[in-house]
There are 2 protein chains.
Amino acid sequence: MDKTHQAFFTSHGIKSTIQRNLVLDLLQESESPVSAEDIYLKAALLQPTVNLSTIYRTLELFCSKNIAVKSTLSESKKAVYELNTHTHKHYMVCLKCKRMVPLTNCPCSLIEKAVSENSDFEILDHKLEIVGYCPECK
Amino acid sequence: MDKTHQAFFTSHGIKSTIQRNLVLDLLQESESPVSAEDIYLKAALLQPTVNLSTIYRTLELFCSKNIAVKSTLSESKKAVYELNTHTHKHYMVCLKCKRMVPLTNCPCSLIEKAVSENSDFEILDHKLEIVGYCPECK
DNA sequence: ATCAGTGCAAAAGCTTTGCAGCGGT
DNA sequence: ACCGCTGCAAAGCTTTTGCACTGAT
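Chains are numbered independently. Their residues run from 1 in the order of the written sequence. Here every chain gets a letter starting at A, and every ligand a number starting at 1, in the order they are written. Only residues with pLDDT of at least 70 get local features here, since the model is predicted, and only at 80 or more are side-chain atom pairs given and counted; chain-wide, interface and lining totals rely on the full set of residues. Note that water and hydrogens are dropped before the side-chain values are worked out from all heavy atoms of the structure.

Observations regarding the interface of chain B and chain A
- What makes two residues a contact is simply this: any of their non-hydrogen atoms within 4.5 Å. On the chain A side, the residues contacting the 36 residues of chain B number 37 residues.
- The term buried area means the drop in 1.4 Å probe accessible area that two parts suffer when joined, counted for both and summed. Of the roughly 3,200 Å² buried where chain B meets chain A, counting both sides, 68% is carbon and sulfur surface.
- Sorting the residues of chain B by area buried against chain A places Ile111, Phe121 and Lys127 of chain B first, and these three jointly supply 22% of that buried surface.
- When a carboxyl oxygen of Asp or Glu is within 4 Å of a side-chain nitrogen of Lys or Arg, the pair counts as a salt bridge. Our count for the contact surface shared by chain B and chain A stands at zero salt bridges.
- Of all the elements in the fold, those that place two or more residues in the side of chain B that touches chain A are β4 (91–94), α5 (108–118) and β6 (122–133) of chain B.
- Helix and strand labels come from DSSP, where a helix needs a run of H or I of at least four residues and a strand needs a run of E of at least two; each type is numbered from the N terminus. The leading source of residues in the side of chain B that touches chain A is β6 of chain B, at twelve residues.
- Here the residues of the side of chain B that touches chain A are counted per class, giving 21 nonpolar, eight polar and seven charged.
- Strands are labelled as partners when DSSP assigns at least two bridges between them. Direction of pairing for strand β6 (residues 122–133) of chain A relative to β6 of chain B: antiparallel, over a ladder of eleven bridges. Bridge pairing in β6 of chain B places Glu129 of chain A opposite Lys127 of chain B. Three classes are used, and their members are as follows: Ala, Val, Leu, Ile, Met, Phe, Trp, Tyr, Cys and Pro are nonpolar, Asp, Glu, Lys and Arg are charged, and the others, Gly among them, are polar.

Thoughts on the domain arrangement of chain A
Residues and elements named next belong to chain A.
- When the domains of chain A are assigned, the result is domain 1 (1–85) and domain 2 (87–138).
- Here the C-alpha centroids of domain 1 and domain 2 sit 24 Å apart.
- If you look at the interface, domain 1 gives seven residues, while domain 2 gives nine residues.
- The contact between domain 1 and domain 2 buries some 780 Å² in all, and 52% of this surface belongs to carbon and sulfur atoms.
- For domain 1, the biggest contributors to the area lost against domain 2 are Leu73, Glu75 and Thr85; these three give 57% of the whole.
- In this structure, the connection of domain 1 to domain 2 is made through one salt bridge.
- Two residues, Glu82 and Lys89, come together in a salt bridge whose shortest N-O distance is 3.9 Å.
- Pairs of N or O atoms are called polar contacts if they sit within 3.5 Å, as long as, within protein, a hydrogen donor faces a hydrogen acceptor (for residues adjacent in sequence, only side-chain-to-side-chain pairs). The interface formed by domain 1 and domain 2 contains two residue pairs in polar contact (both at pLDDT 80 or more).
- Split by residue class, the side of domain 1 that touches domain 2 holds two nonpolar, three polar and two charged. Note that the domain bounds reflect an automated or database-derived domain assignment.

Here it is, written out as structure tokens:
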């Protein structure tokens, strides 16, 4: 059993298992959000008996412990997951290759400010998705 | 057959039918985006033989003709549809009652500008979703 | 030894599709 | 009369769940 994984998981109050270690590693490796199936396909190469439902359960667990974050793009019906960096983050999504490029900085506070001045809505969060073509696809 | 519907649909190059008229009316009536099932339930009251798949086909047709616009919220796995007002529009979504309140004005051009200055991404569109509690639910 | 975690299979929820018959022009 | 539109049923795709077994502490 990997001590690093073990320490990480126990610090979040959950058990370390081979599958969870795997999912954590795979989330760590991927530079942009991935679907449960993406994770599953990569995980199955290393651990052929792993099951898709375990991946879903693990991802859901990670989200509930704030280890990961789930989001859904308007373009697809699949949810995607990424490690929770605890930073404010948005992506540009390429319509062709589906690549997700993170925004380096985001002037969203302007929007929240403007909105809260104009309504009684209590704003907790916001999602911004920029859609277009990445440099390689345009 | 309703002449108004007929004229509208032929101007978009598609046939007018009872079901399409109904869907158009129901989209017109609703002040915020609705799911296919919402439309179906309302439609079934007036036209009991109507079928869910027809609603889906009609909504998809409307979207392909730019009569309607489809979007998916991160909170739900259902798609929602609304008439295409051809205006830039975003919503605040209440976490509790799921009410969608349109933003009166949106400083998004700031974002697109900032983003396009910082990357080679060709921006075609963006989606903004504000999440929180509406005045009644907070 | 205990109890949480997992694999497997089945089901659930939303959406799409094939096909035969109906309906609009 | 023609051909597109619809209803119905079945399937598809993503995600969830029940259950018995496995594995971590």
